[in-house]
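# Coordinates in review
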Amino acid sequence: MLSTYPQTLIDHLAEFNQKPTGNLDWDRSVLETMRRAASRKAAIAATEIANVIRQADKDRQKAARAFPDMSDPAIYEMHSKLFIHIANEIVIAPQHRRFVVDDDNKEILRFLLLYFNNSPLAEDVFPGRGYKLHKNIMLQGGPGVGKTMIMQCFSEYLRRINSPRFFHNLSVTQMVNYYTIHNNFDRYTFFEENSPGFLPRPENVCLNDVGLNDNKVFYGMNTSVLTDDFLLARNDIWAAYGKFAHVTTNLNEEALRVRFNQGDAYGRLVDRFKTYNVIPISGSSRRKKSR
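Because the structure is a prediction, the values reported are computed rather than measured. The residue numbering used here restarts from 1 in each chain and proceeds along that chain's sequence as written. In keeping with the model being predicted, local features are shown solely for residues with a pLDDT of at least 70 and side-chain atom pairs are shown and tallied solely at 80 or more, while totals for entire chains, interfaces and linings include all residues. Here the side-chain values reflect all heavy atoms present in the structure, with hydrogen atoms and water set aside.

### Re the packing of aromatic side chains
- Planes of paired rings set the category: under 30 degrees apart is stacked, over 60 is edge-to-face and the rest tilted, where pairs are Phe, Tyr or Trp rings (Trp by its six-membered ring) whose centres lie within 6.5 Å. Counted under the stated rule, the structure contains 14 aromatic pairs.
- An aromatic cluster is present here, built from Phe83, Phe99, Phe111, Tyr115, Phe116, Phe126, Tyr131, Phe154, Tyr157, Phe167 and Phe244 joined pairwise through their rings.
- Geometrically, a charge over a ring is one whose NZ (Lys) or CZ (Arg) sits within 6 Å of the ring centre while staying within 35 degrees of the ring normal. Positioned above the aromatic ring of Tyr76, the side-chain terminus of Arg110 is 5.0 Å from the ring centre.
- The ring of Phe191 carries the charged tip of Arg187 above its face, separated from the ring centre by 4.3 Å.

### Looking at the packing of helix H3 (residues 73–91) against helix H4 (residues 106–116)
- A fitted line through C-alpha atoms serves as each axis, taken over the contacting stretch for helices, and the angle formed by two N-to-C directions is quoted from 0 to 180°. Put simply, DSSP marks the helices as runs of H or I at least four residues long and the strands as runs of E at least two long, and each gets a number from the N terminus on. Packing of H3 against H4 leaves a shortest axis separation of 11 Å and a crossing angle of 110°. Judged by the inter-axis angle, H3 sits roughly perpendicular to H4. Handedness of the H3/H4 crossing: right-handed. Across the interface between the two elements, Tyr76, His79, Ser80 and Phe83 of H3 pack against Leu109, Arg110, Leu113 and Leu114 of H4.
- Lys, Arg, Asp and Glu make up the charged group, whereas Ala, Val, Leu, Ile, Met, Phe, Trp, Tyr, Cys and Pro make up the nonpolar group; the residues left over, Gly among them, are polar. Classifying every residue of the contact of H3 with H4 by side-chain character gives five nonpolar, two polar and one charged. Any angle from 65 to 115 degrees is called roughly perpendicular, while one under 35 is roughly parallel, one over 145 is roughly antiparallel, and all others are oblique. Handedness of each helix crossing follows the sense of rotation of the near helix against the far helix: counterclockwise by less than a right angle gives left-handed, clockwise gives right-handed. When checking whether two residues touch, look at their non-hydrogen atoms; a contact exists if any pair is within 4.5 Å.

### Observations regarding the pattern of salt bridges
- Counted as salt bridges are all cases of a side-chain nitrogen of Lys or Arg within 4 Å of a carboxyl oxygen of Asp or Glu. Summed over all chains, the structure comprises six salt bridges.
- Across the pair Arg98 and Glu89 runs a salt bridge, and its minimum N-O distance is 3.2 Å.
- A simple rule labels every residue: compare its accessible area, found with a 1.4 Å probe on the protein chains alone, to the largest value its type can have, and call it buried under 20%, exposed over 50%, or partly exposed in between. Take Glu89: its relative accessible area is 42%, and that puts it in the partly exposed class.
- Of the charged contacts in the structure, one is a salt bridge between Arg160 and Glu156, with a shortest N-O distance of 2.7 Å.

### Concerning the sheet that holds strand S3 (residues 205–210)
- Here five strands make up an open sheet; going across it, the order is S2-S3-S6-S1-S7 and the pairing parallel. Lying at the two open borders of the sheet, with one neighbouring strand each, are strand S2 (168–171) and strand S7 (276–280). Across this sheet, the average inter-strand angle for adjacent strands is 20°, counted without regard to direction.
- Following DSSP output, two strands are said to pair if at least two bridges run between them. Sheet topology places strand S1 (residues 136–140) next to strand S6 (residues 245–249); three bridges connect them, and they run parallel. Across the sheet, Met138 pairs through a bridge with Val247, a residue of S6.
- Helix-sheet contacts for helix H7 (residues 223–241) involve S1, S3, S6 and S7, and the interaxial angle to S3 is about 150°.

### Thoughts on the environment of Val247
- When you line up the elements, Val247 lands in strand S6.
- Note: C-alpha distance between Val247 and His12 (235 residues apart in sequence) is 63 Å.
- Dropping the residues within four chain positions of it, Val247 is found in contact with Ile137, Met138, Leu139, Cys206, Leu207, Val210, Leu231 and Tyr276.

### Brief notes about the packing of H4 against helix H5 (residues 147–160)
- At a minimum axis separation of 12 Å, H4 and H5 run at an interaxial angle of 35°. The handedness of the crossing between H4 and H5 is right-handed. From H4, Leu109, Leu112, Leu113 and Phe116 reach across to H5, where they touch Ile150, Met151, Phe154, Tyr157 and Leu158.
- Partitioned by chemical class, the residues of the contact of H4 with H5 number nine nonpolar, no polar and no charged.

Shown next as structure tokens:
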């Protein structure tokens, strides 16, 4: 009897891992039932996928609403004035001096204000340099030009506007001290402590004075080794979780290349500096002379 079966029926039954029974009407009924079941499953799966896509769209829209529209000149002006107010009245007020905006830092401050508010306009401030919103920040310059102060002011500004780009402002010395106390620097990197299932909870940070006191050894820990491990771990975190690790340094690009090629024959650290917007700050020291 099977020799008289339509081959198409046999083929369609095989798609559902079914074999002909010898009863043509029965097998046709089985095929129809299987098709209906498959159709219902497909509809359920399509609905689930559509829900995932809709939620992703909502998450993107929510993330976009978390940032002010810096393309509006009035909004930009308000945030610019707020930043200066926070810098003067909160961050450097204990030093009894004012935050100075001049030709050495004016455009850098404009770029950073747009950058930290996730505005695409930031990428047009320095044409030709290739600065991108998704990259980390590296401020370079001589002692006292204001690298750490700028990042301290932005950290406080971002905290007070409840920005997703808020970062903790830290120093290499703090990181070394943390390591000597805890015998790890998890808090500075993946932050897995007390996390169920080793779920990382990294946060945005800025590590200041990278390259300073690199040859010193504190309680058996070489500062340069700790800094290298920090930068490697944070690059993985940036790639996997989108969390930033900004840095400030007195070293220029050539000095950075020499420093971070030491102990790293493969050049991994130097290559990872491509993930930074490298911003040089010129000028002389802004620190007051002691009286």
